[in-house]
Amino acid sequence: MRRFFVIIAAICLTSCASLQKDMIVSSDLFAQTEDIIELEEKLSALDASVLQDKNAYLRKDFSSDCSALLSSINEQLQINGVQKETAARLYALAGRVYLLQNKKSKAQDYYKLSHNASKGDSQGIILGSRLGIVDNLNDENLISGASENSLIILERGLSQYKNANFTECVALLDTAFIDLPEFYREHYGPVRENAWRLKTIDDSSQDNKIISLLQKSQITVGQMLLITQDSSDYLFRQNAGKKLSENDLYSRVVKDGLLLPLSSEEPVSVKLDVPQKNQLVTRVLSARFLWNLYVLEKSLGDKSNLYSKMMRLGGESPIQDVPLDSKDFDAILGCVENEIISLSDGINFSPEEIPTAAQFLEFLRRL
């Protein structure tokens, strides 16, 4: 019996010591319903897509998905007897959707509704942070004792990603993923992978435009050239060490033939065979450009298309989805053979797949 009272006393002392902090975040305990978790899963998918493409909100499917999510949130809010803590979570989720739609005024209105319903909801804190109302997500009073402090840690990691502090971003996201539902890792995993690839540029690039560019889920040919110019010396022959504009850089690269295929069995021309500056970069275009740089750096000359010359005499392509008559046969095989670009699944190259900016930077560094 005495032991029982000792245990009770210890619990009471611990509870009293952290009571003030726990009260701030206690509303999280009321937000763990299956319906709300489903809403958060949909929100995380939308939020992650915006992190990877800042213009995602302009897409029709994005707009319709946001409208459907807001409708579902409002349905939950109409349920009779909804507790104020649950209402705080739902208002915060709605505010975050409005913010994703660039409707800041509506988001602010819903932040106030959430804050008035219950001050310590994690999603409300995140919304407040994105609105610039909550200015310190490192405040221990925000997360101590919270059942969902991992949401705050996740948001801190995403904030570090936006600020190009990629090393810290990776550490925070990895910590958050441990306790959060699996869908958070599924949706924000690509952000984490991009941060992992980009963490070496924390000190290597001082150009904010390039840092922002490197966070894109897809890039154009012109942007590929800007990244190459900023991250290497491979275009020194074209820029003489100066930072050229995208238009000037593209013109000089085209003039020097660095975007022409090397394995075409027909005569090639700038008009027909060179990708446009605003064309999206695929894995095959990455291979073409990087192989041309490799050929130039290694002074390969006539050996630049040795793979196609040999195998077209009677062999078969060693890569399942790259036919022998591909005009980029040598570029693809050369990049794979020299470990510049890996096969996508160990068998196929997936030529038309679109790499992220960070993946292209990885290819460039392997060069």
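Look up: the structure comes first, before these words.
Residues numbered from 1 in each chain as written. Predicted model: local features only at pLDDT ≥ 70, side-chain atom pairs only at ≥ 80, totals over all residues. Heavy atoms only, no water.

So, about the layout of surface pockets. One number sums up the size of the largest pocket: a volume of about 560 Å³. Taken together, the elements giving at least two residues each to the lining of the largest pocket come down to α2 (34-52) and α4 (84-100). By residue number, the principal contributor to the lining of the largest pocket is α2, which donates four residues. Here the residues of the lining of the largest pocket sort into seven nonpolar, eight polar and seven charged. (1 Å grid on protein atoms, 1.4 Å probe; cavity = no way out; pocket = protein on both sides within 12 Å on 5 of 7 lines; lining within 4 Å. Points joined across faces, edges and corners; volume = space filled by probe spheres on them. Helix = DSSP H or I, 4+ residues; strand = E, 2+ residues; numbered from the N terminus. Nonpolar A, V, L, I, M, F, W, Y, C, P; charged D, E, K, R; others polar.)

At a minimum axis distance of 10 Å, the contact between helix α5 (residues 104-117) and helix α6 (residues 122-130) shows a crossing angle of 145°. Between α5 and α6 lies a crossing whose hand is left-handed. Between α5 and α6, the residues in contact are A107, Y110, Y111 and S114 and G124, L127 and G128, respectively. (Axes fitted to C-alpha atoms, helices over the stretch in contact; angles between N-to-C directions. Left-handed = near helix turned anticlockwise from the far one by under 90°. Contact = heavy atoms within 4.5 Å.)

The next thing to look at is the pattern of salt bridges. Think of it this way: side chains of opposite charge can pair up when their charged atoms draw near. Applying the stated criterion across every chain yields a total of 17 salt bridges. Note that R89 is salt-bridged to E40, the shortest N-O span being 2.5 Å. Of this pair, R89 sits in helix α4 while E40 sits in helix α2, and the two are 49 residues apart along the sequence. We note that R89, like E40, is buried. Taking the shortest distance from any N to any O, the salt bridge between D230 and K243 comes out at 3.5 Å. Of the two residues, D230 is situated in helix α12 (residues 221-231) and K243 in the loop between α13 (236-239) and α14 (246-255); the sequence distance between them amounts to 13 residues. Residue classification places D230 among the buried residues on the basis of a relative accessible area of 19%. For K243, a relative accessible area of 57% gives the class exposed. Because the salt bridges share partners, they merge into one network encompassing D47, R96, R130 and E155. (Salt bridge = Lys/Arg side-chain N within 4 Å of Asp/Glu carboxyl O. Buried < 20%, exposed > 50% of the residue type's maximum accessible area, 1.4 Å probe, protein only.)

In terms of nonpolar packing, the biggest core is built from 100 residues, with I73, L154, M224, L259, F289 and L290 touching the most fellow members. It is helix α16 (residues 283-298) that contributes the most residues to this core, nine residues altogether. In contact with F289, other than residues within four places in its own chain, are M224, L225, T228, L235, V253, L258, L259 and F360. (Core = buried A, V, L, I, M, F, W, Y, C linked by side-chain atoms within 4.5 Å.)

Here the focus is empty space enclosed by the protein. Tallied over the entire structure, the rule returns one cavity of 30 Å³ or more. Approximately 80 Å³ is the volume attributed to the largest cavity. Taken together, 14 residues line the largest cavity, and the ones lying closest to its centre are R96, L151, L154, Y184 and Y188. Elements that contribute at least two residues to the lining of the largest cavity include exactly α2, α6, α8 (149-162) and α10 (182-198). Grouping the amino acids of the lining of the largest cavity by side-chain chemistry returns seven nonpolar, two polar and five charged.

Further remarks concern the packing of helix α3 (residues 60-77) against α4. The geometry of α3 relative to α4 is characterised by a closest axis approach of 10 Å and an angle of 165° between their N-to-C directions. One element, α3, and the other, α4, form an angle in the roughly antiparallel class. The interaxial crossing formed by α3 with α4 has left-handed handedness. Mapping the contact onto sequence places F62, C66, L69, L70, I73, Q76 and L77 in α3 and A87, L90, Y91, L93, A94, V97, Y98 and L100 in α4. The class makeup of the residues in the contact of α3 with α4 is 14 nonpolar, one polar and no charged. (Parallel < 35°, antiparallel > 145°, perpendicular 65-115°, else oblique.)

Within α12, ten of the eleven residues are buried, which leaves the element mostly enclosed by the surrounding structure. Those residues of α12 that sit buried are V221, G222, Q223, M224, L225, L226, I227, T228, Q229 and D230. The inward-facing, buried residues of α12 abut α11 (208-213), α13, α14, α16 and α19 (357-366).

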